[in-house]
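In case you want the letters, here they are:
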Amino acid sequence: MALTFRKLHPYFVAEVSPVDLRQVYDSETLAQIRAGMDEYAVLVFRAQPFADDEQLAFAQRLDGQLHTKTGISALRKNRLGNEALGDISNLDEHGEILKSDDRRRMYGLGNRLWHTDASFQDPPGRYSILSAKIIPSSGTDTEFADMRAAYDALSPEMKAQLEGLRVHHSIAHSRQTLGFEFSQDEQAILKGAVHPLIRTLPRSQRKSLYVAAHASKIIDWPVPEGRLLLRDLMEHATQPEFVYRHAWRAGDLVIWDNRATMHRAKPFDDAKYRRELRRVTTLDVEPPALSVSES
Ligand code: OGA
Ligand code: MN
């Protein structure tokens, strides 16, 4: 089935022509979606009435292994009963809106910082696949920034300076910037991970700036100096020209490449309105080797 991609921003993001992803099994259509991800880094699919198990199955067909240990796992049992199914909502286990001082709400507020999913783990997240269930009628958008375009726009001197640098990412760090503290036990299982500051995307060979709210220090650099550089890069990468803002409709499915983008949630009146989405994130590992039966 031939898909068409309608670009929504000068640098990235495309809306894909009508298709029911629950029915997409053939390798040719899946390959078109992967190629679309390489080019646009964020794909928007409208009217995708996924059940949870269908969303999990689609993510595996598209990109292989699933992430099961996102930061929240340390804090609470998953409301949805499956650690691979991210609960992106302001609801408790009874489906009630979380109280404003609830610790789970405080934790979730971290999504309002520019970030990339699971960069504080190794392997980190590759694709995130977010399905919108309940969306309030106003606000509640998500912004995305193109980290390949942000890299391309750096000066040659800056690109040379950044080459080879490695960065420590930690969820304790990003949450602490909001005043959220993890207990000793929680910190013990959230040690963070080290990743290159510049990533080369294997299929497109484009380079991308891999920074996020979780980026806590540059390895082998004095901490304040590293943090200043990371702040400058975040500021550079989130200038309006690199940013797309997605206005959600219930039924939307958005897939983004965490190696090539950052994102953040925009504020809304979350004490008043329910907002519920489900996220499945794949692991950034080598895709499974293709069958070699033809050789
Ligand atoms: C996420 C996330 C932002 C939002 O699902 O990973 O950061 O607007 N979501 O809910
Ligand atoms: Mn996120």
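Anything mentioned here points back to the structure above.
Residues numbered from 1 in each chain as written. Chains lettered and ligands numbered in written order. Predicted model: local features only at pLDDT ≥ 70, side-chain atom pairs only at ≥ 80, totals over all residues. Heavy atoms only, no water.

Draft legend 1. Looking closely at the site of ligand 1. Around ligand 1, a shell composed of Ile88, Asn111, His115, Asp117, Leu130, Thr142, Trp256, His263, Ala265, Arg275 and Arg279 is seen. Here an oxygen atom of ligand 1 and a side-chain polar atom of His115 are 3.1 Å apart. In this structure, an oxygen atom belonging to ligand 1 sits 2.8 Å away from a side-chain N or O atom of Arg275. Notes on ligand 1: free accessible area 290 Å², of which the protein chains cover 99%. Looking at the shell around ligand 1 residue by residue, the class counts come to four nonpolar, four polar and three charged. (Near = heavy atom within 4 Å. Polar contact = N/O pair within 3.5 Å; in protein donor to acceptor, adjacent residues only side chain to side chain. Areas by Shrake-Rupley, 256 points an atom, 1.4 Å probe, with all protein chains shown as cover. Nonpolar A, V, L, I, M, F, W, Y, C, P; charged D, E, K, R; others polar.)

Draft legend 2. Representation of the sheet that holds strand E11 (residues 215-218). Spatial ordering of the open sheet is given by E8-E7-E11, a layout of three strands whose pairing is antiparallel. At either end of the open sheet lies a strand with only one pairing partner, and these are strand E8 (193-196) and E11. Averaged over neighbouring strand pairs, the angle between their axes works out to 35° when direction is ignored. Examined bridge by bridge, strand E7 (residues 166-169) and E8 share four bridges and lie antiparallel to one another. Bridge assignment links His168 to a residue of E8, and that residue is Val194. Relative to the sheet, helix H8 (residues 223-237) contacts E7 and E11, its axis offset from that of E11 by approximately 125°. (Pairing = 2+ DSSP bridges. Helix = DSSP H or I, 4+ residues; strand = E, 2+ residues; numbered from the N terminus. Axes fitted to C-alpha atoms, helices over the stretch in contact; angles between N-to-C directions. Contact = heavy atoms within 4.5 Å.)

Draft legend 3. Representation of the pattern of salt bridges. For the structure on display, the rule yields 23 salt bridges. For the salt bridge of Asp270 with Arg105, the shortest nitrogen-to-oxygen distance reads 2.8 Å. With a gap of 165 residues between them, Asp270 in the loop between strand E14 (261-265) and strand E15 (276-283) and Arg105 in helix H3 (residues 103-108) connect regions that are remote in the sequence. With a relative accessible area of 10%, Asp270 lands in the buried category. With a relative accessible area of 19%, Arg105 lands in the buried category. For Arg199, the salt bridge identified is with Asp284, shortest N-O distance 2.5 Å. In this pair, Arg199 is assigned in strand E9 (residues 198-200) and Asp284 in the segment after E15, connecting sequence segments 85 residues apart. (Salt bridge = Lys/Arg side-chain N within 4 Å of Asp/Glu carboxyl O. Buried < 20%, exposed > 50% of the residue type's maximum accessible area, 1.4 Å probe, protein only.)

Draft legend 4. Layout of the packing of helix H1 (residues 27-40) against helix H2 (residues 52-63). The N-to-C vectors of H1 and H2 enclose an angle of 80°; their axes lie 9 Å apart at closest approach. As the angle between them shows, H1 and H2 are arranged roughly perpendicular. The segment H1 lies against H2, with Leu30, Ile33 and Arg34 engaging Phe58, Arg61 and Leu62. Along the lines of polarity and charge, the residues of the contact of H1 with H2 split into four nonpolar, no polar and two charged. (Parallel < 35°, antiparallel > 145°, perpendicular 65-115°, else oblique.)

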